[in-house]
Amino acid sequence: MITRRNFLRLSALVTVGSMVTACGSKQEDARLSFLNWQDYIGTDTIRDFEKTSGVKVTYQNYSSNDQLIWMLGQASSQRITVAGYDLCVPSEYAMLALHRIGLIKDFSAGGIKGIENLTPALQKRASDPANAFSVPWALGTTGIAWDSRVMTETPDWAIFLDPKLAGKMSLLDESVDGMMVGLLASQLTPNASDETSLQTAVATLKKMRQQTALNSKTYLRDLVSGQLSVAMAYSSDFVIASKLNPNLKFVIPQSGGLQWTDCMVIPSKAPRPKRAEEFINFVLQPEISAGISNTAHVNTGNAAAYNLIAPEVRNNPAIFPDATEMARAYPLAVHDDVALRRINEAWRQVQNV
């Protein structure tokens, strides 16, 4: 499957729970349990880390930020330890929510090395200016992917209201991302979280849902096959799909798209936080970061790695948009817990159409 957002079933969580080791162990064993999005890592990243460190990596995937928050939240509320996870990669808004409720921890003093390889902007992010509990993994945009054989004009979010394309379109099933699109399509600020704005966005999204599916799992496969003609898409996913179907195009809409940064963090009950820090330091090395860019088709934000990235990746505007394109991409909104609850409740209304 080509999408990196495959659904990890609840039964898999139970299996992972059996991996628990004692958090109080003074000597960390030579293992690392890494949770990440699918198709979001270099071909040789894990193999090379295992070879140089002697650490055995268990690598698993989840489907969305919403699911990751749910996974860690359920584990905490039900007193089921999440100690099997040493490292995961939420987007910034999810990272901050997890940090606020104590489900991810701060790094050890002096534990992270290589931050200076990142671009200046990523070294001093507003969400974590001191990189005290998070380190960027990759960044990209969310816009619209479409089949140019079906549509010749560049679409905007209003395309998802077109009944002529009923059954041939999909939106990502992500609460914050989805509501931001609904707000943009309603000509409202995408960072709004007041009830009036959210309900206006819900009304717009419900109209879209009359002819549009919610699909974070198979939308890329469906775009490649022609089953879908238009989809809300992550830039990195689009690049993968376009290699298989060169008729696909991608745009950050004129009315606005989204930009995201996914970050490496350590769950609060990780049994091997030092191993996680070792892996983060490994990823921050320019040649390792470049390998992730070349395979996952993302900008890792590692300035020291830029010249090591393959030219076809560096020159791909979907991966490295120019300033004009990026000016139309709004950062994923960072909300407090009260606003997030309102957004989640609003999104459930959209899901239930």
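Computed from a predicted model, the values in this text were never measured in an experiment. Residues take numbers from 1 onward in each chain, read along the sequence in its written order. Two thresholds apply to this predicted model, a pLDDT of at least 70 for residue-level local features and 80 or more for giving and counting side-chain atom pairs, whereas whole-chain, interface and lining totals are computed over all residues. Processing note: side-chain calculations cover all non-hydrogen atoms of the structure and skip hydrogens and water entirely.

**Student:** Mind showing me how you'd approach the overall build of the protein here?
**Tutor:** Secondary structure is summarised from DSSP: a helix means a run of H or I of at least four residues, a strand means a run of E of at least two, and numbering begins at the N terminus for each. Across its full length, the protein holds 14 helices and 11 strands. Burial status across the protein gives 56% buried among its 353 residues. A separation of at least 24 residues holds for 78% of the contacts in the protein among residues at least 6 apart in sequence. Working note: accessible area of the protein is about 14,700 Å², and carbon and sulfur atoms make up 52% of it. The rule is simple: take the accessible area with a 1.4 Å probe, protein chains only, and divide by the maximum for that residue type; under 20% is buried, over 50% is exposed, in between is partly exposed. Residue contacts are defined here by distance: any two heavy atoms, one from each residue, within 4.5 Å place the two residues in contact. Shrake-Rupley sampling with a 1.4 Å probe provides the accessible areas, and residues are treated as covered by the protein chains on show and by no other component.

**Student:** Could you clarify how one ought to interpret the packing of helix α6 (residues 175–185) against helix α14 (residues 337–351) in this entry?
**Tutor:** When two helices pack together, you describe them by how their axes are tilted relative to each other and by the distance separating the axes. Comment: axis = line fitted to C-alpha atoms, over the contacting stretch for helices; angle = value between 0 and 180 degrees taken between N-to-C directions. At a minimum axis separation of 9 Å, α6 and α14 run at an interaxial angle of 75 degrees. With respect to their mutual orientation, α6 and α14 come out roughly perpendicular. Contacts between α6 and α14 involve Ser175, Val176, Gly178 and Met179 on the former and, on the latter, Leu340, Ile343, Asn344, Ala346, Trp347 and Val350. Split by residue class, the contact of α6 with α14 holds 7 nonpolar, 3 polar and no charged. Any angle that falls under 35 degrees is termed roughly parallel, while one over 145 is termed roughly antiparallel, one within 65 to 115 roughly perpendicular, and all others oblique. Under the grouping applied here, Gly and all other residues not named as nonpolar or charged are polar, the nonpolar ones being Ala, Val, Leu, Ile, Met, Phe, Trp, Tyr, Cys and Pro and the charged ones Asp, Glu, Lys and Arg.

**Student:** For this particular structure, what's the right way to read the confidence of the model for the protein?
**Tutor:** Residues shown with low pLDDT carry predicted positions that ought not to be read at fine detail. pLDDT gives the predictor's per-residue confidence on a scale running from 0 to 100. For the protein, per-residue confidence averages 88 on the pLDDT scale, and residues scoring 70 or more make up 89% of the total. Between residues 1–25, whose pLDDT stays under 50, and residues either more than four places distant or in other chains, the model counts 70 contacts.

**Student:** Would you explain empty space enclosed by the protein in this entry?
**Tutor:** Think of a ball as big as a water molecule: rolled over the atoms, this probe shows where empty space is left. Put plainly, a pocket is an open set of points on a 1 Å grid over the protein atoms alone with protein on both sides within 12 Å along at least five of seven lines, a cavity is a set where a 1.4 Å probe fits but cannot get out, and a lining residue has an atom within 4 Å of a point. Grid points are joined across faces, edges and corners, and a volume is the space filled by probe spheres set on the points. One pass over the structure, following the stated rule, counts 3 cavities of 30 Å³ or more. Looking at the largest cavity, its volume works out to about 50 Å³. Among the secondary structure elements, those contributing two or more residues to the lining of the largest cavity are β4 (135–147) and α11 (286–296). Looking at the lining of the largest cavity, its residues break down into 7 nonpolar, 3 polar and no charged.

**Student:** Honestly, unusual backbone geometry in this entry has me stumped. Any pointers?
**Tutor:** Most peptide bonds are trans, and most residues other than glycine sit at a negative phi. Not every positive phi belongs to a glycine, and Asn131 is a case in point at roughly 50 degrees. Note that Asn131 resides in the loop between α5 (120–123) and β4. Residue Asn131 is classed as buried on the basis of its relative accessible area of 8%. One non-glycine residue, Gln187, lies in positive phi territory at about 60 degrees. By the secondary structure assignment, Gln187 is in the loop between α6 and α7 (195–209).

**Student:** Would you take a moment to explain the pairing of strand β1 (residues 31–36) for this structure?
**Tutor:** Two faces, one strand: in a regular strand the side chains alternate between the faces of the sheet. In terms of burial, β1 is largely enclosed, as 5 of its 6 residues are buried. Here, strands pair whenever DSSP counts at least two bridges between them. In this sheet, strand β2 (residues 56–61) lies alongside β1 in parallel orientation, the contact comprising 6 bridges. Paired with Phe34 across the two strands is Tyr59, which belongs to β2. Think of it like this: strands point away, you trace from the first strand over the helix to the second, and a clockwise trace means the crossover is right-handed. Once you follow β1 into helix α2 (residues 45–53) and on to β2, the crossover reads as right-handed.

**Student:** Would you mind going over α14 with me for this structure?
**Tutor:** For an α-helix the count is 3.6 residues per turn, leaving residues at separations of three or four pointing the same way. By definition here, a helix of n residues has an expected span of 1.5 Å times n minus one. Relative to the 21 Å expected for 15 residues at 1.5 Å per residue, α14 spans 21 Å between its end C-alpha atoms, a close match to the ideal helical length. Among all positions in α14, only Ala339, Leu340, Ile343, Ala346, Trp347 and Val350 are buried. Looking straight down α14, one finds that the buried residues subtend no more than 125 degrees of arc, so they occupy a single side. The inward-facing, buried residues of α14 abut α4 (92–100), α6, α7 and β6 (212–214). The N-capping residue of α14, defined by a side-chain oxygen 3.2 Å from the backbone nitrogen of Val338, is Asp336. Note that the arc is defined by the directions from the helix axis to the C-beta atoms. Each polar contact in these results corresponds to two N or O atoms within 3.5 Å; when the atoms are within protein, one needs to be able to donate a hydrogen and the other to accept it, and residues that are neighboring in sequence are counted only if both atoms are side-chain atoms.

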